[in-house]
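Structural overview for review
What follows is the residue order along each chain.
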Amino acid sequence: MRIIDDIKLDFQDVLIRPQRSATASRKEVDIIRTFKSRNSNQEWQGVPILAANMDTTGTFSMADSLVNHNMGTCLHKHYSIDDLCEFIKQRTDSHHFFYTLGTGKKDREKLNRVAALVPVNNICIDVANGYTDYFVNRVAEIRAQFPKAILMVGNVCSPEIVQELILQGGADIIKIGIGPGSVCTTRLIAGVGYPQLSAVIECADAAHGLNAHICVDGGCKTPGDVVKAFGAGSDFVMLGGMLAGTDECEGEWEWENDLEWSESKDKPFVAGKIKVNQDGKLKQKKKSLKFYGMSSSAAMNKHNGGVAEYRAAEGEIKRVPYKGPVKDTIHQILGGIRSACAYVGAKTLKDFSKRTTFIKVNRVK
Ligand code: 5GP
């Protein structure tokens, strides 16, 4: 047994110190990044924020909305081959979404069938534990099969395995996060994890030393956390919980039924009764979304026919309030990034981490 004495940090353990600058206009901040992928040699350009490949958030509708903001989506693994092919065929901008798969035999067969029919340019290989030789070997196989695809893989949270996945696996972007997710219970069930801010700082250094990139995955609860992830050196930020509850999500909605249609334009609904449209049909308004971890019992029951005997669920089930269209959430996040860049005098998102000084705090607010 060994203990590492340094205290590792999470987003809520730090704030960013403002600093004097000549240019401090939010409007002028350039938030577009251009990355040259180390192993595929391909370019990715856009606002480096991605929707997580959870079955609620990694949806076609999310991909179509986020592309309008120059952002990406990791499509979830549970779409049928036909639906995936149809979607990919109809989109001219294939640059902004990632095809996601696990490492099982069925995942590989599905990828092969899809790739035989439509171009698969960006691939995300996603497993809960990216530390096994088996995983590194599967990544290397997919790299050999798709030499020109941008390959994002994970999850891990320490520099040595980041380097191995880049050098041995041929990955371009490593996904960082063990245990920080908003509906993840790995830290509680397995006692395993790593505070996310320190994981990002340490892994970014390892990846950037090899001209590769990282994507923070999990733990961003507020626009300020997204800012801190970029400040710590993450190239991409992946979001699940922050996007959950937006119109673009798929899943089980809870509806508000306690309102009734009224003729008044100022006050179209009357509280306290079942609401109906003018045509008499039931009118429904979203109230909350069932949001659950992809290793929760809810997800395993839905997709795997139950939780296997040898494992415990490592995800929880929550209800997140309805948030309206995703563009409202994006507006908040981009506002936060621009504001932070102005506070530290960074003209571009690329420069932001160089101008970031974190201060350790006892409380953020
Ligand atoms: P969030 O942005 O909600 O904090 O984190 C999203 C990330 O949590 C996902 O991209 C994924 O990496 C992770 N995640 C999703 N479901 C589960 C789960 O059931 N268990 C664990 N350990 N992680 C999960």
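Everything in this summary refers to the structure shown in the same document. A quick note: this is a predicted structure, and the numbers were derived from the prediction, not measured. (Residues numbered from 1 in each chain as written. Predicted model: local features only at pLDDT ≥ 70, side-chain atom pairs only at ≥ 80, totals over all residues. Heavy atoms only, no water.)

Our focus in this paragraph is helix H5 (residues 159-167). Taken residue by residue, H5 has Ile-161, Val-162, Leu-165 and Ile-166 as its buried positions. Down the axis of H5, the sector holding all buried residues measures 140°, keeping them to one side. Against helix H4 (133-145), strand E8 (150-156), strand E9 (173-176) and helix H7 (196-208) lie the buried residues of H5. (Buried < 20%, exposed > 50% of the residue type's maximum accessible area, 1.4 Å probe, protein only. Helix = DSSP H or I, 4+ residues; strand = E, 2+ residues; numbered from the N terminus. Arc of directions from axis to C-beta. Contact = heavy atoms within 4.5 Å.)

Of the two faces of strand E2 (residues 33-36), the one lined by Arg-33 and Phe-35 is fully buried and the one lined by Thr-34 and Lys-36 carries no buried residue. As judged from the 4 bridges shared by E2 and strand E3 (residues 43-46), these two strands associate in the antiparallel manner. Within E3, the position partnered with Thr-34 by the bridge is Gln-45. Once E2 ends, the chain turns through 6 residues before running back antiparallel as E3, passing Asn-41 with a positive phi of about 65°. (Pairing = 2+ DSSP bridges.)

This next bit is on unusual backbone geometry. Following Gly-154, the chain continues into Asn-155 via a peptide bond in cis, with omega recorded as 10°. In this structure, Asn-155 sits in strand E8. Positive phi is not limited to glycine here, since Asn-41 has a value of about 65°. Checked against the element boundaries, Asn-41 lands in the loop between E2 and E3. Even without being glycine, Asn-211 reaches a positive phi, approximately 60°. In this structure, Asn-211 sits in the loop between H7 and strand E10 (213-217).

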